[in-house]
Amino acid sequence: QVPLVESGGGLVQAGDSLRLSCAASGRIFSSFAGAWFRQAIGKEREFVAYITWSGDTAYVDSVKGRFTISRDNLKNTVYLQMNNLKPEDTAVYYCAASKLYEGRNEIGYHYWGQGTQVTVSS
């Protein structure tokens, strides 16, 4: 198991910023892909962003230009910087990691955190 622990969620107003962190228990992110997914009430979990072991990134269209995923291998942490937050960004955000998969499909990720709530008021 590779425990992942998310932090940084909270209640903010539209237009504000938050930075989510995903800390791993071991030195995994240097060779693992890391990703963020989110799930709003009444909706299925959806892909938000991923970063490959080599540093390539990808985003869902709705967050492009507002969110940035990054990784600090020395700290075994993946981040999601979220700027210009909108009410539709309200969801539980989950961190995920995979040694074998780099992509948008949650099925490819074997390690998951417990989630952190992000609520954006209008």
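Let us look at the structure shown here. Being a predicted model, the structure only gives us computed values, none of them experimental.

Reading the values: rules and limits
Residues numbered from 1 in each chain as written. Predicted model: local features only at pLDDT ≥ 70, side-chain atom pairs only at ≥ 80, totals over all residues. Heavy atoms only, no water. Pairing = 2+ DSSP bridges. Helix = DSSP H or I, 4+ residues; strand = E, 2+ residues; numbered from the N terminus. Salt bridge = Lys/Arg side-chain N within 4 Å of Asp/Glu carboxyl O. Buried < 20%, exposed > 50% of the residue type's maximum accessible area, 1.4 Å probe, protein only. Contact = heavy atoms within 4.5 Å. Disulfide = S-S within 2.5 Å.

**Observations concerning the pairing of strand β7 (residues 67–72)**
One face of the sheet, then the other: side chains in a regular strand alternate in exactly this way.
Phase 1: As paired elements, β7 and strand β8 (residues 77–82) share 6 bridges and run antiparallel to each other. From the neighbouring strand, Asp72 faces β8, where its bridge partner is Thr77.
Phase 2: Counting the residues between successive antiparallel strands, the hairpin from β7 to β8 contains 4 residues, one of them, Asn76, with a positive phi of roughly 55°.

**Structural notes on the pattern of salt bridges**
Phase 1: Scanning the model with the defined rule gives 5 salt bridges in all.
Phase 2: For Arg45, the salt bridge goes to Glu106, with nearest N and O atoms at 3.0 Å. Taken together, the positions of Arg45 in the loop between β4 (33–39) and β5 (46–51) and Glu106 in the loop between β9 (91–98) and β10 (111–112) put the pair 61 residues apart, joining distant regions of the chain.
Phase 3: The class for Arg45 is partly exposed, based on a relative accessible area of 26%.
Phase 4: Between Lys64 and Asp61 there is a salt bridge; the shortest N-O distance is 3.1 Å.
Phase 5: Classification of Lys64 as partly exposed rests on a relative accessible area of 49%.
Phase 6: Shared partners join several salt bridges into a network, and the residues in it are Arg38, Glu46, Arg66 and Asp89.

**Quick notes on the environment of Gly9**
Phase 1: Relative to the assigned elements, Gly9 resides in the loop between β1 (4–7) and β2 (10–13).
Phase 2: Its relative accessible area of 33% is what places Gly9 among the partly exposed residues.
Phase 3: Other than its neighbours up to four places away in sequence, Gly9 contacts Leu18, Leu20, Thr116, Gln117 and Val118.

**Considerations on the state of the cysteines**
Two cysteines joined by a covalent bond between their sulfur atoms form a disulfide.
Phase 1: Under the defined criterion, the tally for this structure stands at 1 disulfide.
Phase 2: Residue pairing for Cys22: its cysteine sulfur links by disulfide to Cys95, the two sulfurs lying 1.9 Å apart. Every disulfide takes its handedness from the sign of the S-S torsion; for Cys22 and Cys95 that torsion is -75°, giving left-handed. Within this pair, whereas Cys22 is found in strand β3 (residues 18–24), its partner Cys95 is found in strand β9, the two being separated by 73 residues in sequence. Across the pair, Cys95 and Cys22 agree in class, each one buried.

**Overview of the pairing of β9**
Phase 1: Across the 8 residues of β9, 8 count as buried, placing the element largely inside the fold.
Phase 2: Pairing between β4 and β9: 7 bridges, direction antiparallel. Bridge pairing in β9 links Arg38 to Tyr93.
Phase 3: Taken together, the 3 bridges between β9 and strand β11 (residues 116–121) define a ladder with antiparallel strand orientation. Along β11, the bridge assignment pairs Tyr93 with Thr116.
Phase 4: Where β9 meets β10, 2 bridges bridge the pair, whose relative direction is antiparallel. For Ala97, the partnering residue across the bridge sits in β10 and is Tyr111.

So yeah, pure geometry; function would need other evidence.
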